[in-house]
Amino acid sequence: MPEAVVVGGGIGGLTAAIALRKIGWAVTVFEQAPELREVGAGLSLAANAMRALDAVGIGDRVRAHAAASQVTGNLRLKSGKYLRRFREGRDVALAAFHRAELHGALRAELPEECIETGRHISEIPEADLVVAADGVHSTFRESVVPDAPRPARRYVAWRGVTEPGVKVDGSFTFGPGGYFMIHPLPGERACWAYGTRTGTLDDVRDWHAPIPELLDASPSVLRNEILDLDPLPTYVRDNVALLGDAAHAVTPDLGQGACQAIEDAVTLAAALRTRSVRAALAVYDRERLPRTHLVTRMARRKGQVGVSSSRLVFGLVAASTRLVPDTAVRRSTARLWDWTPPRLS
Ligand SMILES: Cc1cc2nc3c(=O)[nH]c(=O)nc-3n(C[C@H](O)[C@H](O)[C@H](O)COP(=O)(O)OP(=O)(O)OC[C@H]3O[C@@H](n4cnc5c(N)ncnc54)[C@H](O)[C@@H]3O)c2cc1C
């Protein structure tokens, strides 16, 4: 049986391990943290990622941990005024998760003995295939692309998850100076994120309800630098494949970072089903580079506008959001969401 080592037990690494096992590989995941876990924040997966999880055979078990978020259709100003309202049939909901619960659902698909925690890997391990899913600060990126760019700081995001007892619809509120995103979570909880280049969380204290209430209902708040990576020329070298943020860290403005990691995992496993490792990695590279480069560029552009403190930019965004025809909205999201995963069986 061919053997793969996956470095990194994040969403990308775990999905890769599940997909590789599905095509009959033996897999060991090495994770540097003493235990496998994710932070106390939320994230959403769009249809492209959910279809990829279906292809691996775990879509429904993962969906059981999600709430439907109308964030894609409820676009607001800080006064609370709606620029657009979610409409069934026109807008498509996202699947919103508590990160730890999504991560736990993936973890549950792997046998205990597959995962070795407390293992920081600094040299390329011996295996038929090495999947470097070691995140935005990847140790292995430079083994694949020696002059790889460094991740660049784009802005800052504060995030939190409320205690139970909060009922919200998903929504996205435009600044100026930043954006505030809300997703409902199962169990009458909500998660939120405030992205800004120069502001602080105090700025949103006077934004529309329920924003101040969500801050008060969140026992802890995380502050993260938002980084992204200039597109790499390749994700593979010899028998090593970069996957997820190690390959293409993107800003969260399209909610596609983890989605793309999941797409990577399924594409890699499908390519390996019928090919040698070298041939499969060439296919993986060919398929993943253009798609992930597009996502990086789209996310960066959206982020620049979303956290802009220019009143002019803000006015243009607000006006165009109100006026943009449904067909144009559909076209731009279709490029991301209408992805069909390759078959794994
Ligand atoms: C504020 C914010 C909001 C986001 N929202 C969304 C969203 O709504 N939807 C979405 O799809 N994406 C979102 N993302 C992006 C998403 O979180 C990432 O793209 C995704 O988690 C990347 O997963 P990964 O497995 O590639 O990397 P990581 O999750 O970073 O996992 C890498 C793992 O590798 C381990 N590791 C690192 N180095 C080593 C080593 N040398 N040896 C062993 N182990 C190692 C780390 O400990 C870690 O566990 C968001 C990101 C941020 C910052």
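This text follows the structure it describes.
All of these numbers come straight from a predicted model, not from anything done at the bench.

1. Re the nonpolar core
One recurring pattern in soluble globular proteins: nonpolar side chains tend to sit buried together.
For step 1, the next point in the chain: By size, the foremost hydrophobic cluster in this structure holds 99 residues, and its most contacted members are L20 and L45.
For step 2, the next point in the chain: Leave out the neighbours within four places in its chain, and L45 touches M50, L53, L94, A95, F97, L102, A258, C259 and I262.
For step 3, the next point in the chain: Core analysis: the second largest hydrophobic core is formed by 15 residues, V166, V168, Y194 and L214 among them.

2. Thoughts on helix α2 (residues 47-56)
For step 1, the next point in the chain: All of the buried residues in α2 are N48, A49, M50, A52, L53 and V56.
For step 2, the next point in the chain: Trailing α2 by a residue or two, G57 shows a phi angle of about 95 degrees, which is positive.

3. Some details on the site of the ligand
For step 1, the next point in the chain: Surrounding the ligand, one finds 30 residues, the nearest of these being E31, S44, R99, I121 and D245.
For step 2, the next point in the chain: I121 places a polar main-chain atom, nitrogen or oxygen, 2.8 Å from a nitrogen atom of the ligand.
For step 3, the next point in the chain: At 3.2 Å, a backbone N or O of G255 approaches an oxygen atom of the ligand.
For step 4, the next point in the chain: For the ligand, the protein covers 86% of the area, taking 1000 Å² as the surface of the free molecule.
For step 5, the next point in the chain: Within the residue set of the shell around the ligand, elements represented by two or more residues are α1 (11-22), β3 (42-45) and α8 (257-273).
For step 6, the next point in the chain: Grouping the constituent residues of the shell around the ligand by class yields ten nonpolar, 14 polar and six charged.

4. Side note on the packing of α1 against helix α4 (residues 99-107)
When two helices pack together, their arrangement is captured by the angle between the axes and the distance separating the axes.
For step 1, the next point in the chain: Running from N to C, α1 and α4 cross one another at 20 degrees; their axes reach a closest spacing of 9 Å. For the element pair α1 / α4, the angle class is roughly parallel. Of the two possible hands of crossing, α1 and α4 adopt the one that is left-handed. The residues of α4 that touch α1, namely those facing I11, L14, T15 and I18, are R99, L102, H103, L106 and R107.
For step 2, the next point in the chain: Along the lines of polarity and charge, the residues of the contact of α1 with α4 split into five nonpolar, two polar and two charged.

5. So, the state of the cysteines
Chemically, a disulfide is nothing more than a covalent bond linking the sulfur atoms of two cysteines.
For step 1, the next point in the chain: In the structure shown here, the tally under the stated rule is zero disulfides.
For step 2, the next point in the chain: Of all cysteine sulfurs, the one in C259 lies closest to C191, which takes part in no disulfide; the gap is 14 Å.

6. Focus: the sheet that holds strand β1 (residues 3-7)
For step 1, the next point in the chain: Taken in spatial order, the six strands of this open sheet run β8-β2-β1-β9-β16-β15, and their pairing is mixed. Of all strands in the sheet, those with a lone pairing partner are β8 (115-116) and β15 (236-237), marking the two edges.
For step 2, the next point in the chain: As paired elements, β1 and strand β2 (residues 26-30) share five bridges and run parallel to each other. Paired with V6 across the two strands is V29, which belongs to β2.
For step 3, the next point in the chain: Strands in contact with helix α9 (residues 277-306) are β9 (129-132), β15 and β16 (240-242); relative to β16, the strand with the most contacts, it is inclined by about 20 degrees.

7. Some words on the pattern of salt bridges
Where charged atoms from two side chains of opposite charge approach closely, those side chains can pair.
For step 1, the next point in the chain: All chains considered together, the criterion is met by 22 salt bridges.
For step 2, the next point in the chain: Residues E188 and K167 are paired through a salt bridge, measuring 3.8 Å at the closest nitrogen-oxygen approach. One end of the pair, E188, is in the loop between β12 (178-185) and β13 (189-196); the other, K167, is in the loop between β10 (152-161) and β11 (171-174), with 21 residues separating them in the sequence.
For step 3, the next point in the chain: D228 is the salt-bridge partner of R300, the closest N and O atoms lying 2.8 Å from each other. Taken as a pair, R300 in helix α9 and D228 in strand β14 (residues 221-228) lie far apart in primary sequence, 72 residues in all.
For step 4, the next point in the chain: Shared partners join several salt bridges into a network, and the residues in it are R84, R87, R90, D91 and D326.

8. Re the packing of aromatic side chains
For step 1, the next point in the chain: Going through the model one piece at a time under the given rule, you end up with seven aromatic pairs.
For step 2, the next point in the chain: With centroids separated by 6.3 Å and ring planes inclined at 25 degrees, the aromatic side chains of W158 and Y194 adopt a geometry described as stacked. Taken together, the residues span a long stretch of sequence, with W158 in strand β10 and Y194 in strand β13 at a distance of 36 residues.
For step 3, the next point in the chain: A relative accessible area of 2% places Y194 in the buried class.
For step 4, the next point in the chain: On the numbers, 5.2 Å between centres and 15 degrees between planes, the contact of F172 with Y179 is stacked. Neither residue differs from the other here; F172 and Y179 are each classed as buried.
For step 5, the next point in the chain: By the ring-pair criterion, three or more aromatic residues cluster together here, those being W158, F180, W192, Y194 and W207.
For step 6, the next point in the chain: Above the ring of W158, the side-chain terminus of R223 is found at 5.6 Å from the ring centroid.

9. A short note on the sheet that holds strand β5 (residues 75-77)
For step 1, the next point in the chain: The seven strands lie next to each other as β6-β5-β11-β12-β13-β10-β14, forming an open sheet whose pairing is mixed. Each end of this open sheet is capped by a strand with a single partner; those strands are β6 (82-84) and β14. Here the strands of the sheet are splayed against their neighbours by 25 degrees on average, with no regard to which way each runs.
For step 2, the next point in the chain: Note that β12 and β13 share eight bridges and pair antiparallel. If you follow G178 over to β13, its bridge partner there is T196.
For step 3, the next point in the chain: The strands that helix α10 (residues 311-323) touches are β5, β6 and β11; relative to β6, the one it contacts most, it runs at about 55 degrees.

10. Details of the side chain of T234
For step 1, the next point in the chain: Note on placement: T234 falls in the loop between β14 and β15.
For step 2, the next point in the chain: A distance of 3.1 Å separates the side chain of T234 from the backbone nitrogen of V236, its partner in a polar contact.
For step 3, the next point in the chain: A polar atom in the side chain of T234 sits 2.6 Å from the side chain of D285.
For step 4, the next point in the chain: Once you skip the residues sitting within four places of it in the chain, T234 turns out to touch V144, V145, D285 and L289.

Cut-offs used in this document
- Residues numbered from 1 in each chain as written.
- Predicted model: local features only at pLDDT ≥ 70, side-chain atom pairs only at ≥ 80, totals over all residues.
- Heavy atoms only, no water.
- Core = buried A, V, L, I, M, F, W, Y, C linked by side-chain atoms within 4.5 Å.
- Buried < 20%, exposed > 50% of the residue type's maximum accessible area, 1.4 Å probe, protein only.
- Contact = heavy atoms within 4.5 Å.
- Helix = DSSP H or I, 4+ residues; strand = E, 2+ residues; numbered from the N terminus.
- Near = heavy atom within 4 Å.
- Polar contact = N/O pair within 3.5 Å; in protein donor to acceptor, adjacent residues only side chain to side chain.
- Areas by Shrake-Rupley, 256 points an atom, 1.4 Å probe, with all protein chains shown as cover.
- Nonpolar A, V, L, I, M, F, W, Y, C, P; charged D, E, K, R; others polar.
- Axes fitted to C-alpha atoms, helices over the stretch in contact; angles between N-to-C directions.
- Parallel < 35°, antiparallel > 145°, perpendicular 65-115°, else oblique.
- Left-handed = near helix turned anticlockwise from the far one by under 90°.
- Disulfide = S-S within 2.5 Å.
- Pairing = 2+ DSSP bridges.
- Salt bridge = Lys/Arg side-chain N within 4 Å of Asp/Glu carboxyl O.
- Phe/Tyr/Trp six-rings, centres within 6.5 Å; stacked < 30°, edge-to-face > 60°.
- Lys NZ or Arg CZ within 6 Å of the ring centre and 35° of its normal.

Geometric descriptors of this kind do not, in isolation, establish any biological role.
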